[in-house]
Each structure stands twice: as C-alpha cells, then as structure tokens.
Amino acid sequence: LVLSLAWLGPALGDEEKDGEVVAEEEKEKEEDEVPSDEIKEEDNVLVLHEHNFARALSEHQLLLVEFYAPWCGHCQQLAPAYTQAATELRNESSPARLGKVDATAQTGLANEFNITSYPTLKLFRNGNRTHPLPYTGIMDKQGIVRWMQRRAGPSATLLHDTDTANAFANSQDLVVIGFFKDLKGKAAQAFYEVAFEMVDMLFGVAEAAELFQAYGLSDDTVCLFKKFDERQTNFPVDLEQGLDTAELIRLLRVHSLRLVTEFNNETSNQIFSANIPHHMLLFLNKSSSEQLSLQDGFKAAAGTFRGEVLFVVVDVNGYGADVLSFFGMTPADAPTLRLVKMENNRKYQMEQDSFSDTAIRAFIQAVLDGKLKPHLLSAEPPEDWDTRPVKVLVGKTFEQVAFDETKNVFVKFYAPWCSHCQAMAPAWEELGERYKDHKDIVIAEMDATANELENITIHGFPTLHYFPAGPGRKMVEYKSARDVETFSKFLENGGMLPVEPPVVTKTPGNSTGKEDPSVLGTGETRDEL
C-alpha cells in the first residue's frame, strides 16, 4: 500500500583540463598508488575493494557486504541504518561484521557477484567466496542486527524440561517451538533453516519425551504460541514428505498475525510479508465510537478466510491517511470496505448496505468466485487533454484513444513522484511537439497512480506501451533508450527499432555519469522499487 520515494543525485564532472596535463597527472597517480590489502573503516563499516576483499573474508567469519552506487537514493537512505547496525554489532563483540563496496568503481567485484541492482547485500561465511547468501531481512538497523545475530549464534534454543519450555513459550507474544524426536534428522535441520530466516520470532527446539506429552503431541510437530487469539497452533510434520520450509514460513507468517490487524508502522511489514493473496480493508475513523463498533462483524468474518484473506483495519485519520489516495478516497468516505487482490492490485468495493459478518462473507466469496468486477480508479480529464502535444489520458478516456484503429498511439504510464519519469519528461514533451501534427501518430501519457485499467497492469515507472493502428487491440512494450531520436526511430519503423550494425566502443562501460537506459529498462532494477 505504501509507495517509497526514490531520488537520484546528478553526477557532476570535473572541469576539463589539457590532455597532456591529465596524462601526466594520471601517470604520477599510478606511480604513487600501490595496490594494498589494507582494510579501512568508516563508522565501523569495512571499506572493501578488489585488493582487500580476500583479506576481509579470511579475517571475518561472518561478513555482510553492501554493494552500492553513490548516486542511488535507496543506498543513501540505507546508509545511516547500516552504519548504526555495524556499530551495534561491533560494540557487542559479535563475530559478524559489515562491509561495503562501491560497485560502480569496483566493477570486477560487481561482475563476480552478479550485482544488477542497488543496494544488494550478500553474506559471506567462513571465507567462502563462491557461495554468498543473499540478505533476506528487513532493511533497517534492527532488521540487519537481528538477521546477523541469528546467524552468529544458535538459531533455536534447546529446551530440556517442562518448566523451561513453559517459561520460554510465555516469554514473548510470538514463540515457535519445534518438537522433534531426532534433532539430527532432516525435519529438525529444516526447522533450523526456518529459524535462521524468521529473525523476528523466537525459536526453541525440544526432543524430550516428557515435553511431547506435556503439549499433547505424539509425532514431530511445530507449535506456534501466541498471547492473542488461539493460544497454541500446531503444524504437524508430514511423515512421508518431511518439513517443507517454504510452507512452514508461510503458515507461521499467516498465523502470527491477529485475525484482524490494524495497519500501522509496527504491522506494515508483517502485513506485506505474510504472502496472503487478498487483503480485506475496513476504513474507519477511530475517533467515532459508532464506526469502531463495526469491527465486531469484521472480526467475526475473518476466521472463515484465514490464510486466503487478510483482514486489516485502516484509520483514515491516523497512519492510514497516507494510503487513501491509492484507493481514490478521502477521510469522508469512511466507513467503507475494499478488497484488494495483491497479485495485480485490483480493488473491489463493497456496497455499504450492511457491515454484518454475513454480508462481508458473501461479498468476499463473490470476489473469490469471480462474480464481481473490480472498482477502477479514474481521474477527470483536463479540459484541454486532447489539444496538447502530449494527450493526457485518464481511465475513462483510455480505451477510445489507445484502441482507435486509425491511430498509432504511444503512451507513457508514469507516477508523479518517480525520478526516472521526471528525468524523461522533457524528451516526451519534445516527442509530442515533433508529432503533434502527424495524422496517425498520437503521443500520450497517463498518471498510473490515479487511473486504473481493467486489462493492463503497470508494475514499474515509467512504462511505455505502443498501441498500433488496426484491429486486434495489440500492445507492444517499449524497452529501449529513452531519448527523442530512439523514440522517433521506433515510431517511424512501425513500433519496432530498425536493426543496426553493432557499434564498437573503445572504452568499456558507461562513462557518462548517467544511468544506462538499456540497463534500467522500465526503471525497476535500479532505484524506483
């Protein structure tokens, strides 16, 4: 529900110098600089490069390395949390250390470890250079520290007797205990892997017969203990297929959430990491006692769809105020209900005749059975939308323009906050000017955050689609360079780029100080995710 803002700082070049002077300076620099494996630190983060990387691996049993780009907005956002995590781990004398590599300068390392986006974090264990583990934790200080601590120590605490197990099960709101008759068996080892990943939960393990009896178990079972809703939830291990780690993680995520979860800063990550395909949202004003009472019917309906539909309460005047625009709503629309299909962000609106559990169940089942159509957002078109060089499309005008069989229509789908979209805007306006009098070519744009289409889902910004003239409702996604000349070649060649002979370059890599459009594609692999 929440969109992250990304930004890029321009790469500024030095003033030009005389060629001979530059050559002489470079020669002196090369003579002065002798490659060294010395490891320097910045705020307890190891500064790594091609000459000291091997030494760092040999000296540190657990080394988490961030591969970053200086211009990357998300890297800059992560930097304070990363240094704070490095300091905390250093202060507690943990064997885990953090390092960083400027992947734009250390291209050899970037290529070796297949770095394609920034920031990318990889964990190197026991000096192993060939099989680093991808970082799977939360991108904040606490998330990094917990993730590294779990890998530095035992992932699950061994429980020997009933008193110890009971105290452990009551020590936190969420506790997971694996009961295994053989702690060296495959099922127990798979359980330890799950414990490594789910660093936000406390894990214990037991094999004593008295503990199986105390908790009413006869076979290998994973138990989730909660201080809310049902106290104990059992997940028996399949005797034939064993323990499926992915499925256990999914079940623990699903059942660790309350039947009804309030959307706030503490729960937002849980909500989206639960991997539940549908979210049912009750938007209300928590300052209204009348609206608060609607939660009773909402909660009563939740148990029926556990694991399939996540029930969430959103306070329109609190933390949830920021997501209202995503639904085309204002606080005055509360109370209201929406169901979201997470795979494509399709939203379904329930008629507010009744907020009873019966009505809510019937509405959800109708959506799951495919009997209801989604509620699509559409802004109002500007009065001059079709007289501008770049036509301004909205949801309700898109069909008539994009699928006009007499026109070839080139559409930019953008987000107002997207830095890549902002950088491309002048080129798109120039393209519109170039073709504004062309009889069968239309240049258009649509704000994809304020408008939705039934059969087209936009996953990244900007996304460019070409709709050729003629029958068949065809659509071609444009994935090449974002400049006026390449756009024009694409249009003049009927929606495809002409085949040109390969260009031999003398200098490898991209030395312009700008992002390579062919690498960025739709803007998803760099800094807009």
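Summarised in this report is the structure supplied together with it.

Basis of the calculations
Residues numbered from 1 in each chain as written. Predicted model: local features only at pLDDT ≥ 70, side-chain atom pairs only at ≥ 80, totals over all residues. Heavy atoms only, no water. Helix = DSSP H or I, 4+ residues; strand = E, 2+ residues; numbered from the N terminus. Buried < 20%, exposed > 50% of the residue type's maximum accessible area, 1.4 Å probe, protein only. Areas by Shrake-Rupley, 256 points an atom, 1.4 Å probe, with all protein chains shown as cover. Pairing = 2+ DSSP bridges. Contact = heavy atoms within 4.5 Å. Axes fitted to C-alpha atoms, helices over the stretch in contact; angles between N-to-C directions. Polar contact = N/O pair within 3.5 Å; in protein donor to acceptor, adjacent residues only side chain to side chain. Salt bridge = Lys/Arg side-chain N within 4 Å of Asp/Glu carboxyl O. 1 Å grid on protein atoms, 1.4 Å probe; cavity = no way out; pocket = protein on both sides within 12 Å on 5 of 7 lines; lining within 4 Å. Points joined across faces, edges and corners; volume = space filled by probe spheres on them. Nonpolar A, V, L, I, M, F, W, Y, C, P; charged D, E, K, R; others polar. Arc of directions from axis to C-beta.

## Notes on the overall build of the protein chain
No. 1: Along its length, the protein chain carries 17 helices and 21 strands.
No. 2: By residue count, 44% of the 529 residues in the protein chain fall in the buried class.
No. 3: When the accessible surface of the protein chain is split by element, carbon and sulfur atoms take 48% of a total near 27700 Å².

## Digging into the sheet that holds strand β4 (residues 96-102)
Pairing between the strands of a sheet comes from backbone hydrogen bonds, and it takes one of two forms, parallel or antiparallel.
No. 1: Spatially, 6 strands are ordered β1-β2-β4-β3-β5-β6 in an open sheet, and the strand pairing comes out mixed. The outermost strands of the open sheet, each flanked by one partner alone, are β1 (40-42) and β6 (133-134).
No. 2: Sheet topology places strand β3 (residues 62-68) next to strand β5 (residues 120-125); 6 bridges connect them, and they run antiparallel. By the bridge assignment for β5, Val-65 is matched with Lys-122.
No. 3: Against the sheet, helix α3 (residues 73-91) contacts β1, β2 (45-47), β3, β4 and β5, and its axis sits at roughly 150° relative to β4.

## Considering the side chain of Thr-267
No. 1: Mapped onto the secondary structure, Thr-267 falls in the loop between β12 (260-262) and α10 (268-273).
No. 2: Note on Thr-267: relative accessible area 12%, which makes it buried.
No. 3: Within polar-contact distance, the side chain of Thr-267 engages the backbone oxygen of Glu-262 at 2.6 Å.
No. 4: Apart from residues lying up to four places away in sequence, Thr-267 is in contact with Thr-261 and Glu-262.

## A few points about the pattern of salt bridges
No. 1: In the structure shown here, the tally under the stated rule is 22 salt bridges.
No. 2: Across the salt bridge formed by Asp-357 and Arg-361, the nearest N and O atoms sit 2.9 Å from each other. On the criterion of helical spacing, the pair formed by Asp-357 and Arg-361 is a turn pair, its members being 4 residues apart in helix α13 (residues 357-368).
No. 3: Residue class for Arg-361 comes out partly exposed when judged on its relative accessible area of 25%.
No. 4: Each member of the salt-bridge network shares a partner with another, and the members are Asp-37, Arg-55 and Glu-59.

## Some points on the sheet that holds strand β15 (residues 336-341)
No. 1: Across the sheet, which stays open at both edges, the 5 strands sit in the order β12-β14-β13-β15-β16 with mixed pairing between neighbours. Two strands lie at the open edges of the sheet, namely β12 and β16 (346-349), each paired on one side alone. Neighbour-to-neighbour, the strand axes of this sheet turn through a mean angle of 25°, independent of strand direction.
No. 2: Its contacts with the sheet put α13 on β13 (278-284), β14 (309-315), β15 and β16, and the angle it makes with β15 is roughly 25°.

## A word on empty space enclosed by the protein
No. 1: By the definition in use, this model includes 2 cavities of 30 Å³ or more.
No. 2: Roughly 70 Å³ of volume is contained in the largest cavity.
No. 3: In terms of lining residues, the largest cavity is bounded by Val-254, Leu-257, Arg-258, Leu-259, Ile-276, Ala-302, Arg-306, Gly-307, Val-309, Leu-310 and Phe-311.
No. 4: Top contributing element to the lining of the largest cavity by residue count: β14, with 3 residues.
No. 5: Taken together, the residues of the lining of the largest cavity sort by class into 8 nonpolar, 1 polar and 2 charged.

## Notes on helix α12 (residues 295-302)
No. 1: Within α12 the residues assigned to the buried category are Gly-297, Phe-298, Ala-301 and Ala-302. Within α12, the buried residues cover an arc of 145° as seen down the axis, which keeps them to one side.
No. 2: Here the buried face of α12 lies against β12, β13, β14, β15 and α13.

## Observations regarding helix α16 (residues 484-492)
In an α-helix, one full turn covers 3.6 residues, which means residues spaced three or four apart are oriented alike.
No. 1: Within the span of α16, buried status applies to Val-484, Thr-486, Phe-487, Ser-488, Phe-490 and Leu-491.
No. 2: Next to the buried residues of α16 lie β18 (408-414), α15 (419-435), β19 (441-447), β20 (463-467) and β21 (476-478).
No. 3: With a side-chain oxygen positioned 3.2 Å from the backbone nitrogen of Glu-485, the residue opening α16 is Asp-483.
No. 4: Directly beyond the C-terminal end of α16, a positive phi value near 75° is found at Gly-494.

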